[in-house]
Amino acid sequence: MPNSVDPVISAEKVGKHYGHFRVLQDCSFEVKNGEVVVICGPSGSGKSTLIKCLNGLEGFDEGRIVVDGVSVGDPKVNLTKLRSRVGMVFQQFELFPHLTVEGNVMLAQRRVLGRSSSEARERARMLLDRVGLLEHSAKYPKMLSGGQQQRVAIARGLAMDPKVMLFDEPTSALDPEMIGEVLDVMVNLAKEGMTMVCVTHEMGFARHVGSKILFMDQGTIVERGTPESFFKNTQSERAQRFLKNILHPMGI
Amino acid sequence: MTMWSWSAFFEYLFSPFLLYGAWTTIWLTVVSALLGLMLGGVVAAARMSGIGWLEKVAFFYVWLMRGTPLLVQLVIIYTGLPQIGIKFEVVTCALLGLALNEAAYLSEIIRGAVQSVGIGQRNAATALGLTKFQAMRDVILPQATRVMLPMLGNSVNGLLKTTSLTSAISMEELLRRTNLLIQERFLTLELFIVASIYYLVMTSAWSLVQNWLERRFGRGFEEEARLENAEQR
């Protein structure tokens, strides 16, 4: 059993390649209980691939990833069991369109955790209330706005009582005016002590609740540090350029 | 000889002999559609199994059944196979031919529909800890069903009419019984019109069932459909 002081996630020298093309190289980091780790970097830098490796949605070729005491790359490991303890939120929400909002939050609770229908419904309604969508329980995802759908997706992940939540660019597909409502939910989660790994370009979020920031470029972690040091004292030229572009896209 | 006999037309419009033929057509369609759907599901699963030889076997099957006429397949089963000692009843031959042929077409429809559900949905199901089987049953198939229903419906509509080919191996369905009457009474036009009306009633009834099914599996997509319609206007 993992000890409570052990990191929830530890990645050691993770590497992945397609033929000669290196997607990830030498990626090492730890996520401790209650930490919010933000991964940022230019597109194509491998950050989405890296976060998908953490719950085995993507395989990797080198190194080792241990999540909640389980070695993800080990072929003998029952990944479905581990995955139920790792919540994940996707850029495109990926709610199940044929199920109601409530049905989305209930499905895996019933199938994977074996909760009864009433138990799962109660938990779903509690979480939907928490993300401010209780009155939309009976609707189908297509009837909701993008921001609302993403909040349902967060509730769906939380319903499994995960050890850690992974966010893969959760606000990148949203209209600008809907980003705030999703970030609010995420900030509250962070403040309640949820362990989180977030691939995001929302530097305000990183600065506000991030425990540490990893900056990736070309498949490697180029720079890492607390938000304080990362924003005030950016070391690498690549990260400086990235921050300049993302914070002041018009050069002003 | 008169040009057109209304009395003969009405005499046969509700003839028990033809009605029974129509009933045979209906159950032939239903049973071979269900068998074809089950076998088609198996073939589709085999083609997407990721197991090399199994995929090749399934591909060969679809290629063979879609590349030869159903009439030829029926005749081979009914009159060809006895030559090597394999003999079935007429009904069995008809069902076998129809179901085997239908399965090949349906497997392609099923495969296309399953593949139309994006990788994102699979990832979401996987990330929640659902097994492959659960993801298929609870997430992929309900969505694929919505996509494939219109095509499945058309296929059944086609099958309803295709059953008439089994008359060639003396299966007593609607067309065969119509032909038998014509040989007796020479009321060619009247009887074929009656048979056509029967087929029309059957295909129309099926359309109603199909519409109901499509609505039933379209839940959660009404908004999308409404928006698409609005855009087209």
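Residues numbered from 1 in each chain as written. Chains lettered and ligands numbered in written order. Predicted model: local features only at pLDDT ≥ 70, side-chain atom pairs only at ≥ 80, totals over all residues. Heavy atoms only, no water.

### Some points on helix α4 (residues 117-130) of chain A
Three or four residues apart is the spacing at which side chains of an α-helix point the same way, because the helix has 3.6 residues per turn. Residue and element names in this part refer to chain A. Condition: In this text, helices come from DSSP runs of H or I with a minimum length of four residues, and strands from runs of E with a minimum of two, each type numbered from the N-terminal end. What a helix is expected to span follows from its residue count: subtract one and scale by 1.5 Å. Each residue gets one of three labels from its accessible area relative to the maximum for its type: buried under 20%, exposed over 50%, partly exposed in between, using a 1.4 Å probe on protein chains only. In this context, the arc is that of the directions from the helix axis out to the C-beta atoms. Residues are treated as being in contact if the distance between any of their heavy atoms lies within 4.5 Å.
The end-to-end C-alpha distance of α4 is 20 Å, a good match for the 20 Å that 14 residues give at a rise of 1.5 Å each. All of the buried residues along α4 are Ala120, Arg123, Ala124, Leu127 and Leu128. End-on, the buried residues of α4 take up no more than an arc of 135 degrees, which puts them together on one face. Facing away from the buried side of α4 by over 90 degrees, the exposed positions are Ser118 and Glu122. Residues of α4 that are buried in the fold lie against α3 (101-111) and α5 (146-158).

### A short note on the packing of aromatic side chains
Definition in use: Centres within 6.5 Å make a pair out of two Phe, Tyr or Trp rings, where for Trp the six-membered ring is used; the pair is then stacked when the planes are under 30 degrees apart, edge-to-face when over 60, and tilted otherwise. Geometrically, a charge over a ring is one whose NZ (Lys) or CZ (Arg) sits within 6 Å of the ring centre while staying within 35 degrees of the ring normal.
Scanning all chains against the criterion turns up nine aromatic pairs over all chains. Taking the centre distance of 5.1 Å and the plane angle of 75 degrees together, the rings of Phe9(B) and Phe10(B) count as edge-to-face. Every member of this aromatic cluster is reached through a ring pair, and the members are Phe215(A), Phe230(A), Phe231(A) and Phe242(A). One cation-aromatic arrangement involves Arg156(A) over Phe96(A); the distance from NZ or CZ to the ring centre is 4.6 Å. Sitting over the face of the ring of Phe217(B), Arg216(B) holds its NZ or CZ atom 5.4 Å from the ring centroid.

### Digging into the packing of helix α8 (residues 174-185) of chain B against helix α9 (residues 188-217) of chain B
Residue and element names in this part refer to chain B. This is how the line gets drawn: Only the contacting stretch of a helix is used when fitting its axis, a line to C-alpha atoms as for every element, and angles between N-to-C directions run 0 to 180 degrees. Every angle not falling under 35 degrees, over 145, or within 65 to 115 is termed oblique; those three ranges are roughly parallel, roughly antiparallel and roughly perpendicular. Left-handed describes a crossing whose near helix is turned anticlockwise from the far helix by less than a right angle; the clockwise case is right-handed. For this classification, the nonpolar set comprises Ala, Val, Leu, Ile, Met, Phe, Trp, Tyr, Cys and Pro, the charged set comprises Asp, Glu, Lys and Arg, and every other residue, Gly included, is treated as polar.
Direction vectors running N to C along α8 and α9 enclose 165 degrees, while the axes themselves pass 9 Å from each other. By the angle between their directions, the pair α8 and α9 is classed as roughly antiparallel. As for the relative orientation of α8 and α9, their crossing is right-handed in sense. Residues Leu174, Leu175, Thr178, Asn179, Leu181 and Ile182 of α8 form the contact with α9, whose participating residues are Thr188, Leu191, Phe192, Ala195, Tyr198, Tyr199 and Met202. Here the contact of α8 with α9 is built from residues that sort into 10 nonpolar, three polar and no charged.

### A word on the environment of Leu183(A)
As for its position among the elements, Leu183(A) is in helix α6 (residues 176-191). Between the alpha carbons of Leu183(A) and Pro7(A) there is a distance of 25 Å; along the sequence they are 176 residues apart.

### Comments concerning a nonpolar patch on the surface
Residue and element names in this part refer to chain B. Condition: To count toward a patch, a residue needs a relative accessible area above 30% and no salt bridge. Like charges then connect within 9 Å, nonpolar side chains (Val, Leu, Ile, Met, Phe, Trp, Tyr) within 5 Å. In short, Shrake-Rupley with a 1.4 Å probe defines the accessible areas, and a residue's cover is counted only from the protein chains shown. Salt bridge, as used here, is a side-chain nitrogen of Lys or Arg placed within 4 Å of a carboxyl oxygen of Asp or Glu.
A surface patch of nonpolar side chains, amounting to about 750 Å² of accessible area, comprises Tyr20, Trp23, Ile26, Val30, Val31, Leu34, Leu35 and Met38. Within the secondary structure, Tyr20 sits in helix α2 (residues 16-47). Its relative accessible area of 47% is what places Tyr20 among the partly exposed residues.

### Remarks on the sheet that holds strand β1 (residues 9-18) of chain A
What links the strands of a sheet is backbone hydrogen bonding, and the strands pair in either a parallel or an antiparallel sense. All names here are of chain A. Stated formally: The pairing criterion is simple: DSSP has to find at least two bridges between the two strands.
Reading across the sheet, the four strands line up as β2-β1-β4-β5 and stay open at both edges, with antiparallel pairing between neighbours. The open sheet is flanked by β2 (21-31) and β5 (70-71), the only strands paired with a single partner. Pairing of strand β4 (residues 62-67) with β5 involves two bridges; the strand directions are antiparallel. From the neighbouring strand, Val66 faces β5, where its bridge partner is Ser71. Packing of helix α1 (residues 47-54) onto the sheet brings it into contact with β1, β2 and β4, and relative to β2 it is tilted by some 55 degrees.

### Side note on the pairing of β4(A)
Residues and elements named next belong to chain A. Summarising the sheet, β1 and β4 pair through five bridges and their orientation is antiparallel. Across the sheet, residue Ala11 finds its bridge partner in β4, namely Ile65. Hairpin remark: β4 followed by β5, antiparallel, with two residues in the connecting loop; positive phi at Asp68, about 50 degrees.

### Describing the pattern of salt bridges
Residue and element names in this part refer to chain A. Taken as a whole and judged by the stated rule, the model has 23 salt bridges over all chains. Among the ionic pairs, Asp161 bridges to Arg115, the shortest N-O distance being 2.5 Å. Pair noted here: Asp161 is in the loop between α5 and β7 (164-168) and Arg115 is in the loop between α3 and α4, with a separation of 46 residues, a long-range link. Residue Asp161 is classed as partly exposed on the basis of its relative accessible area of 41%. Across the salt bridge formed by Glu228 and Lys232, the nearest N and O atoms sit 3.8 Å from each other.

### Let's talk about the confidence of the model for chain B
Applied cut-off: Per-residue confidence from the prediction method is given by pLDDT, with values spanning 0 to 100.
Here chain B averages 92 in pLDDT, while 94% of its residues score no lower than 70. As scored by the predictor, the complex reaches a pTM of 0.84 and an ipTM of 0.91.

### Points about the sheet that holds strand β10 (residues 220-225) of chain A
Residue and element names in this part refer to chain A. Pairing is mixed across the open sheet formed by six strands, whose spatial order is β6-β7-β8-β3-β9-β10. At either margin of the open sheet sits one strand with a lone partner, and together these are β6 (86-89) and β10. Strand-to-strand twist across the sheet, computed as the mean angle between neighbouring axes with direction ignored, equals 15 degrees. Of the pairings in the sheet, the one linking β6 to β7 comprises four bridges and is parallel in character. For Val86, the partnering residue across the bridge sits in β7 and is Val164. Docked against the sheet, α6 engages β3 (36-40), β7 and β8 (195-199), running at close to 145 degrees with respect to β8.

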